[in-house]
Amino acid sequence: MSARELTPENLREILSGSRVLIPLHVAPDGDSIGSALAVASACRHLDSKPTVVSSDPVPTTYSFLPGWEAIRRPERVGGQFDVLLLLDCSSLSRIGRVRELVDRAKPGERPLIAVVDHHRTGETVGDYLWSDAGAAATCEMIFDWMIDQGLPISGGVATALYTGIATDTGFYAFPNTSAGTFRRSAQLVQLGARPHHVHQKVNEERSMAEIRILGRALEKMRVAAGGRVAWTEITRSDLTDTGAGTDDTEGIVNHLRSVAGTELAVIFVEMDTEHTKVSFRSREYLDVAELARSFGGGGHARAAGAKMSGSIAEVRKRVIETGSRQLRLREAGGQGK
Ligand code: 5GP
Ligand code: MN
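Residue numbers here run from 1 along each chain, matching the order of that chain's written sequence. As they are written, the chains are lettered A onward and the ligands numbered 1 onward, keeping that order. Two thresholds apply to this predicted model, a pLDDT of at least 70 for residue-level local features and 80 or more for giving and counting side-chain atom pairs, whereas whole-chain, interface and lining totals are computed over all residues. Note that water and hydrogens are dropped before the side-chain values are worked out from all heavy atoms of the structure.

Chemist: Sorry, what's going on with the coordination of the manganese ion (ligand 2) here?
Modeler: Reference values for angles at a metal are 109.5 degrees in the four-donor tetrahedral case and 90 or 180 degrees in the six-donor octahedral case. Coordination partners: N, O, S within 2.8 Å of the metal, 3.2 Å for Na, K and Ca; water not considered, so apparent gaps in a site are possible. Looking at the manganese ion (ligand 2), the protein donor atoms are D31 (OD), D88 (OD), H118 (NE2) and D168 (OD), and they sit 2.2 to 2.3 Å from it. Along the chain, the residues donating to the manganese ion (ligand 2) are arranged with the sequence spacing D-x56-D-x29-H-x49-D. In this pair, H118 sits in the loop between β5 (112–117) and β6 (128–131) while D168 sits in helix α5 (residues 155–168), placing the two residues 50 residues apart along the sequence. As far as the burial class goes, H118 and D168 line up, both buried. Secondary structure follows DSSP: runs of H or I at least 4 residues long count as helices, runs of E at least 2 residues long count as strands, and numbering of each begins at the N terminus. Three labels apply to residues, based on accessible area from a 1.4 Å probe with only protein chains included: buried if under 20% of the type maximum, exposed if over 50%, partly exposed otherwise in between.

Chemist: I would appreciate a short explanation of the packing of aromatic side chains in the present structure.
Modeler: Pairing of aromatic rings covers Phe, Tyr and Trp, the last through its six-membered ring, and needs centres within 6.5 Å; plane angles under 30 degrees mean stacked, over 60 mean edge-to-face, and all others mean tilted. In this structure the tally under the stated criterion is four aromatic pairs. Plain terms: the ring middles of Y172 and F182 are 5.2 Å apart, the flat faces sit at 25° to each other, and that makes the pair stacked. Placement of the pair is Y172 in the loop between α5 and α6 (179–190) and F182 in helix α6, with a sequence separation of ten residues. Aromatic pair F280 and F295: ring centres 6.4 Å apart, planes at 5°, arrangement stacked.

Chemist: Would you take a moment to explain the sheet that holds strand β3 (residues 49–53) for this structure?
Modeler: Strand pairs in the sheet, formed through backbone hydrogen bonds, run parallel or antiparallel to each other. Paired strands are those between which DSSP finds at least two bridges. The six strands lie next to each other as β1-β6-β5-β4-β2-β3, forming an open sheet whose pairing is parallel. Each end of this open sheet is capped by a strand with a single partner; those strands are β1 (4–5) and β3. Where β5 lies against β6, four bridges are found, and the strand directions are parallel. Bridging across to β6, V116 finds its partner in W130. We call two residues contacting when some pair of their heavy atoms lies within 4.5 Å. To get an axis, fit a line to the C-alpha atoms, keeping to the stretch in contact for a helix; angles then go from 0 to 180 degrees between the N-to-C directions. Here helix α2 (residues 30–45) sits on the sheet in contact with β2 (19–23), β3 and β4 (83–87), set at roughly 165° to β3. Taken strand by strand, helix α4 (residues 138–148) contacts β4, β5 and β6, and its axis lies near 110° from that of β5.

Chemist: Looking at this structure, how should I read the sheet that holds strand β7 (residues 222–224)?
Modeler: Strand order in the open sheet formed by six strands is β7-β8-β9-β10-β12-β11, with mixed pairing between adjacent strands. Of all strands in the sheet, those bounded by a partner on one side alone are β7 and β11 (298–299). Here strand β10 (residues 275–282) runs beside strand β12 (residues 303–309); their pairing, made up of seven bridges, is antiparallel. Counted as the bridge partner of S279 is G305 from β12.

Chemist: How do you make sense of the site of ligand 1 when you look at a structure like this?
Modeler: A single heavy atom is enough: if one lies within 4 Å of a molecule or strand, its residue is considered near that molecule or strand. Around ligand 1 lies a shell of 14 residues, among which R94, H119, K277, S279 and R281 are the nearest. N or O atoms within 3.5 Å of each other form a polar contact, as long as, within protein, one can give a hydrogen and the other can take it, and as long as residues adjacent in sequence are counted only when both atoms are side-chain atoms. Note that an oxygen atom of ligand 1 is positioned 3.0 Å from one of the side-chain N or O atoms of R94. One of the side-chain nitrogen or oxygen atoms of H300 is found 3.5 Å away from an oxygen atom of ligand 1. In these tables, accessible area is a Shrake-Rupley quantity obtained with a 1.4 Å probe, and a residue counts as shielded only by the protein chains included in the view. Taken by itself ligand 1 offers 490 Å² of open surface, and the protein chains cover 78% of this. If you list the elements that add at least two residues to the shell around ligand 1, you get β10, β11 and β12. The dominant element in the shell around ligand 1, judged by the number of residues it contributes, is β12, at five residues. Classifying every residue of the shell around ligand 1 gives three nonpolar, seven polar and four charged. Classes in brief: Ala, Val, Leu, Ile, Met, Phe, Trp, Tyr, Cys and Pro nonpolar; Asp, Glu, Lys and Arg charged; the others, Gly included, polar.

Chemist: Just to check I follow, could you spell out the domain arrangement of the protein chain for this structure?
Modeler: A common way to state how big an interface is: give the accessible area lost once the parts meet. Just so you know, the domain bounds were taken from an automatic or database domain assignment. Splitting the protein chain by domain gives domain 1 (4–202) and domain 2 (209–332). Summarising the inter-unit geometry, the C-alpha centres of domain 1 and domain 2 are found 27 Å apart. Each partner contributes to the interface: domain 1 provides nine residues, whereas domain 2 provides ten residues. Overall, the association of domain 1 and domain 2 removes approximately 750 Å² of surface from exposure, summing both partners, and the carbon and sulfur fraction of that is 47%. Here the buried area means the combined drop in accessible surface, using a 1.4 Å probe, for two parts upon being joined, counting both sides. When the area that domain 1 buries against domain 2 is broken down by residue, the three leading residues are H119, R120 and F174, summing to 51%. In what follows, salt bridge is the name for a side-chain nitrogen of Lys or Arg lying within 4 Å of a carboxyl oxygen of Asp or Glu. D287 is the partner of R120 in a salt bridge, and the nearest nitrogen-oxygen pair spans 3.9 Å. Viewed at the interface, domain 2 and domain 1 are joined by one residue pair in polar contact (both at pLDDT 80 or more).

Chemist: Help me understand the packing of α2 against α4 in this model?
Modeler: Helices that pack against each other are described as a pair by the angle of their axes relative to one another and the distance between those axes. Here α2 crosses α4 at 20°, and the two axes come no closer than 8 Å. Comparing the axis directions of α2 and α4 gives the class roughly parallel. Along this stretch, α2 crosses α4, giving a crossing that reads as left-handed. On the side of α2, the interface is formed by D31, G34, S35, A38, V39 and A42, while α4 contributes T138, C139, I142, W145 and M146. Looking at side-chain class alone, the contact of α2 with α4 contains seven nonpolar, three polar and one charged residues. Convention used here: angles under 35 degrees read as roughly parallel, angles over 145 as roughly antiparallel, angles from 65 to 115 as roughly perpendicular, and any remaining angle as oblique. Here a crossing is called left-handed whenever its near helix is offset anticlockwise from the far helix by less than a right angle, and right-handed whenever the offset is clockwise.

Chemist: What exactly am I supposed to notice about the side chain of T262 here?
Modeler: Among the structural elements, T262 can be located in the loop between α10 (252–257) and β9 (264–272). What T262 contacts, discounting residues up to four positions off in sequence, is G227, R228, A230, L256, R257 and R283.

As structure tokens, then:
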């Protein structure tokens with residue numbers, strides 16, 4: 001089944017007067033949370049009833065965003081929904097346990113599925129799709145939609161959208177940052193977003209556990225492929241020793257990429273004895289979305305991830321070998337540096 005194109009008018013029409021389920025994606029980030037809170041606000045102006053739900057715990061880093069406290073866990077959500085709106089992801093496998101809420105709907109009562117995403121999508125679910133791989137963040141798309149549709153953007157909503165854009169662009173540093181990113185952000189600041197405040201909340205209120213796990217990860221960092229691959233790993237005992245949770249490991253991989261000469265940075269996080277979360281970042285030319293897809297994951301050309309089956313040692317061996325091989329191939333092909 002291929003999805004129909006979701007136009008701004010369609011999206012308004014689909015949401016109007018409906019019961020709308022808005023899941024965050026697993027391991028929710030600023031863009032997932034920001035876009036969900038903004039759409040939930042838009043829904044209230046469209047006489048619809050939004051429910052924002054998250055399978056994974058929502059990082060307290062984002063608790064400064066109005067509406068954060070109303071995000072529910074799947075076990076606390078009941079009833080039926082007319083619409084399932086996937087933001088910042090385009091597959092049911094990315095919404096964790098929220099999928100069960102959709103699967104248990106009786107035939108004929110299945111919600112309509114609409115997708116708004118800026119990832120290059122392979123296979124997609126859904127009846128309606130708005131995909132824009134040129135957008136730096138899903139929050140850019142939602143901002144454009146709200147402006148286009150004349151939907152009010154309060155200071156709180158501006159902050160949520162600004163936060164999604166800022167976090168997905170590494171605070172305007174990643175290659176996805178464009179003139180349009182700055183133009184939208186400037187408008188959001190006019191509407192009430194406060195850049196210093198957002199930076200402070202997101203980047204300068206770390207817990208000691210987060211700093212300790214960062215230290216541990218940097219200490220354990222190794223290189224491969226003549227220094228072009230930098231990698232590290234976090235085991236369950238690293239988490240226990242430092243008192244950190246897996247969400248405290250978000251962002252560590254960006255530090256690895258900052259080492260001179262590195263093209264590919266990888267972090268392995270042991271989920272349990274049989275599952276490992278892998279995050280990939282590249283600097284200039286390696287397509288890590290493709291690399292992640294070869295392991296069942298996905299993402300963007302310079303930032304991607306995968307949840308893999310296998311012990312951390314097995315996964316590490318497989319990924320470092322494949323990553324190093326792909327780097328050599330790129331370089332032999334003359335496309336690399
Ligand atoms: P991170 O490494 O920060 O978790 O994720 C980097 C990017 O890759 C994000 O855009 C995220 O959506 C995507 N990503 C991370 N893990 C997965 C995964 O298991 N599957 C897919 N499709 N995308 C992922
Ligand atoms: Mn995003």
